[in-house]
Each structure stands twice: as C-alpha cells, then as structure tokens.
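What the coordinates show
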Amino acid sequence: MFFETRDKAELRALLRRLREARIDGSMIRIDTLCGRLALPTTYRLSRFVADPACESDHEHSDH
C-alpha cells in the first residue's frame, strides 16, 4: 500500500496525477473499505508486485 485517504476527491486527484505521469494503471489496485456506521469509508491504493517465487520458477525451469 502506498496511499490511503478518506477523501474521495483526494483519491481522484492522485489518480489523475498518476495518469498524467503515465503510470501503468494495470499495476495499481484500488480498495474501498466501507466503514458503514462505525467507521468512515477509506480508500487505499496499492501497487501489484510479481510473486518472486513464480519468477524464480520460470528462470530456473529446464522445460
């Protein structure tokens, strides 16, 4: 996770800046944590990371 906010406008502004910086949108995960009555809704941005175990399997495979 690299960003968290409760402000939807702040989330939109960051996503706009990422697009302007030509960040690959397919590598960004957006989670919405619905707080309902007890907690406010929170938005989180994360970056997808390749599983190092899968990469090493492909590199060392003799098949």
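That block above? That's the structure.
Right, let's walk through the structure included here.

About the cut-offs
- Residues numbered from 1 in each chain as written.
- Predicted model: local features only at pLDDT ≥ 70, side-chain atom pairs only at ≥ 80, totals over all residues.
- Heavy atoms only, no water.
- Helix = DSSP H or I, 4+ residues; strand = E, 2+ residues; numbered from the N terminus.
- Buried < 20%, exposed > 50% of the residue type's maximum accessible area, 1.4 Å probe, protein only.
- Areas by Shrake-Rupley, 256 points an atom, 1.4 Å probe, with all protein chains shown as cover.
- Core = buried A, V, L, I, M, F, W, Y, C linked by side-chain atoms within 4.5 Å.
- Contact = heavy atoms within 4.5 Å.
- Pairing = 2+ DSSP bridges.
- Axes fitted to C-alpha atoms, helices over the stretch in contact; angles between N-to-C directions.
- Expected span 1.5 Å × (residues − 1).
- Polar contact = N/O pair within 3.5 Å; in protein donor to acceptor, adjacent residues only side chain to side chain.

1. A few points about the overall build of the chain
- When helices and strands are tallied, the chain shows two helices and three strands.
- Put simply, the chain runs from its N terminus to its C terminus through helices and strands in the order β-α-β-β-α.
- Counting only residues that meet the buried cut, the chain has 21% of its 63 residues in that class.
- Of the roughly 5,500 Å² of accessible surface on the chain, 51% is carried by carbon and sulfur atoms.

2. Concerning unusual backbone geometry
- Positive phi, close to 60 degrees, is recorded for Arg 22, a residue that is not glycine.
- Of note, Arg 22 is situated in the loop between helix H1 (8-20) and strand S2 (28-33).

3. Topic: the nonpolar core
- One finds Phe 3, Leu 11, Leu 14, Leu 15, Leu 18, Ile 28, Tyr 43 and Leu 45 forming the largest nonpolar core, which totals eight residues.
- Those elements giving two or more residues to this core turn out to be H1 and strand S3 (42-47).
- A per-element tally of this core places H1 first, with four residues.
- Excluding residues that lie within four positions of it along the chain, Tyr 43 makes contacts with Phe 3, Glu 4, Thr 5, Arg 6, Asp 7, Lys 8, Leu 11, Asp 31 and Thr 32.

4. Things to note about the sheet that holds strand S1 (residues 3-5)
- Pairing in this open sheet of three strands is antiparallel, and the strands run S1-S3-S2 from one edge to the other. Edge strands, defined here as strands with exactly one partner in the open sheet, are S1 and S2. The mean angle between the axes of side-by-side strands here comes to 15 degrees, regardless of whether they run parallel or antiparallel.
- Running over the sheet, H1 touches S1, S2 and S3 and is turned about 20 degrees from S3.

5. Points about H1
- Between its terminal C-alpha atoms H1 stretches 18 Å, which fits the 18 Å expected from 13 residues at 1.5 Å a residue.
- For H1, the complete set of buried residues consists of Leu 11, Ala 13, Leu 14, Leu 15 and Leu 18.
- Residues of H1 that are buried sit in contact with S1, S2 and S3.
- Near the N-terminus of H1, the side chain that reaches the backbone nitrogen of Ala 9, with its oxygen 3.0 Å away, is that of Asp 7.
- The positive-phi residue at the C-terminal boundary of H1 is Arg 22, with phi of around 60 degrees.

Worth remembering: the numbers are spatial, not functional.
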